[in-house]
Amino acid sequence: MSSSDLHTGSKAGVRRRRLLALALVAPAVLATAACGFQPMYGNLGANSIGSAELQQVEINGIKDRYGQKLRNLLIDRFYADGRPAAPRYRLETALTASEQKLSLQKDATATRAQLVVNAPYQLIDAATGAILFQANARSYISYNVLEQQYGALATVENAYDRALLEISNEITTRVAAQLGRKP
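Residues numbered from 1 in each chain as written. Predicted model: local features only at pLDDT ≥ 70, side-chain atom pairs only at ≥ 80, totals over all residues. Heavy atoms only, no water.

- The name given to the protein in an unreviewed UniProt entry is LPS assembly lipoprotein LptE, with Azospirillum brasilense as the source organism.

Put into structure tokens, the structure is as follows:
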């Protein structure tokens, strides 16, 4: 047996392995395509959940400065082409936050803290006033407690920003999923 025979034999083996792999993967791909799977964030045109249904939701005002930040984040996610003229749904959200000291030194000063931000929300049918969906988004953000005044303020502000970003992403995902279920 020459070296060229060994070389052609290995090429045939590689081809067979590729065909076997394709034969094993193809049914899984076809099954996923047939199950009605629809990407939530994909660009599917006018009928996509992200562009059509979320743009029909009016986002009510949320009290306080951090509520305003959360509302702005939601507006950025819900409205790709501007706010709705005649919304079909209304999103009502509240916001509460608390800070807990985690790591205490011998002199009772904290070196680590946790921010807990809670945002209960409701999706309401604008025509009937019926609650279609209600849930609670919550975020836990830990941060270092700094001694310098400006650094301490900046760290807390950053923790709030991260928490609000998590909450806005969760609300957007869950509301889009709920609206995607509607006939």
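Back to the write-up after that little detour.
### Brief notes about the overall build of the protein
- The helix and strand tally for the protein stands at 4 helices and 5 strands.
- Contacts in the protein between residues at least 24 apart in sequence constitute 63% of all its contacts with a sequence separation of at least 6.
- A total accessible area of about 11800 Å² is found for the protein, and carbon and sulfur atoms account for 54% of it. (Helix = DSSP H or I, 4+ residues; strand = E, 2+ residues; numbered from the N terminus. Contact = heavy atoms within 4.5 Å. Areas by Shrake-Rupley, 256 points an atom, 1.4 Å probe, with all protein chains shown as cover.)

### Focus: the packing of helix H3 (residues 64-78) against helix H4 (residues 149-181)
- Contact pair H3 / H4: the axes reach a minimum separation of 9 Å and the direction vectors enclose 45°. By the criterion of interaxial angle, the relationship of H3 to H4 is oblique. Between H3 and H4 lies a crossing whose hand is right-handed. Residue-level inspection shows Arg65, Tyr66, Lys69, Leu70, Leu73, Leu74, Arg77 and Phe78 of H3 in contact with H4, the latter providing Glu157, Tyr160, Asp161, Leu164, Leu165, Ile167, Ser168, Asn169, Ile171, Thr172 and Val175.
- Broken down by class, the residue content of the contact of H3 with H4 amounts to 11 nonpolar, 3 polar and 5 charged. (Axes fitted to C-alpha atoms, helices over the stretch in contact; angles between N-to-C directions. Parallel < 35°, antiparallel > 145°, perpendicular 65-115°, else oblique. Left-handed = near helix turned anticlockwise from the far one by under 90°. Nonpolar A, V, L, I, M, F, W, Y, C, P; charged D, E, K, R; others polar.)

### Quick word on the nonpolar core
- Counting residues in hydrophobic clusters, the biggest one holds 32 residues, and the most contacted among them are Phe78, Leu91, Leu115, Tyr121, Ile171 and Val175.
- Only strand E1 (57-59), H3, strand E2 (89-93), strand E4 (110-125), strand E5 (131-144) and H4 provide two or more residues apiece to this core.
- The residues contacting Tyr121, other than those within four sequence positions of it, are Leu91, Glu92, Thr93, Phe133, Gln134, Ala135, Asn136, Ala137, Ile171, Arg174 and Val175. (Core = buried A, V, L, I, M, F, W, Y, C linked by side-chain atoms within 4.5 Å. Buried < 20%, exposed > 50% of the residue type's maximum accessible area, 1.4 Å probe, protein only.)

### Overview of the side chain of Asn118
- With respect to the element layout, Asn118 can be found in strand E4.
- Owing to a relative accessible area of 18%, Asn118 belongs among the buried residues under this scheme.
- Of the polar contacts made by the side chain of Asn118, one reaches the side chain of Asn136; its length is 2.8 Å.
- Other than its neighbours up to four places away in sequence, Asn118 contacts Ala94, Leu95, Thr96, Asn136, Ala137 and Arg138. (Polar contact = N/O pair within 3.5 Å; in protein donor to acceptor, adjacent residues only side chain to side chain.)

### A look at the pattern of salt bridges
- Enumeration according to the criterion identifies 5 salt bridges in this entry.
- Its salt-bridge partner being Glu157, residue Arg65 comes within 2.9 Å of it at the nearest N-O pair. Taken together, the residues Arg65 in helix H3 and Glu157 in helix H4 connect sequence positions 92 residues apart.
- A relative accessible area of 47% means that Arg65 is categorised as partly exposed.
- Salt-bridge contacts for Arg174 lead to Glu170; the nearest nitrogen and oxygen are separated by 3.5 Å. Of this pair, Arg174 and Glu170 both sit in helix H4, 4 residues apart, which is roughly one turn of the helix.
- Taking relative accessible area as the criterion, Arg174 reaches 33% and is therefore assigned partly exposed. (Salt bridge = Lys/Arg side-chain N within 4 Å of Asp/Glu carboxyl O.)

### Looking at the environment of Ile62
- Looking at the element boundaries, Ile62 is found in the loop between E1 and H3.
- What makes Ile62 buried here is its relative accessible area of 9%.
- For the pair Ile62 and Glu92, spaced 30 residues apart in sequence, the C-alpha separation works out to 7.9 Å.
- If sequence neighbours within four positions are ignored, Ile62 has contacts with Gly67, Gln68, Leu70, Arg71, Thr93, Ala94 and Leu95.

### Here's the deal with unusual backbone geometry
- Positive phi outside glycine occurs at Asp64, with the angle close to 75°.
- Inspection of the secondary structure assignment puts Asp64 in helix H3.

### Some points on the pairing of E4
- Burial analysis of E4 places 12 of its 16 residues in the buried class, which makes it a mostly covered element.
- Pairing of E2 with E4 involves 5 bridges; the strand directions are antiparallel. Bridge pairing links Leu91 to Leu123 in E4.
- Of the strand pairs in this sheet, strand E3 (residues 96-104) and E4 are connected by 8 bridges, and their pairing is antiparallel. Bridge pairing in E4 places Ser103 opposite Arg112.
- Where E4 and E5 come together, 13 bridges link them in antiparallel fashion. Paired with Ala113 across the strands is Tyr143, a residue of E5.
- The antiparallel hairpin formed by E4 and E5 contains 5 residues in its connecting segment, where Gly129 sits at a positive phi of about 80°. (Pairing = 2+ DSSP bridges.)

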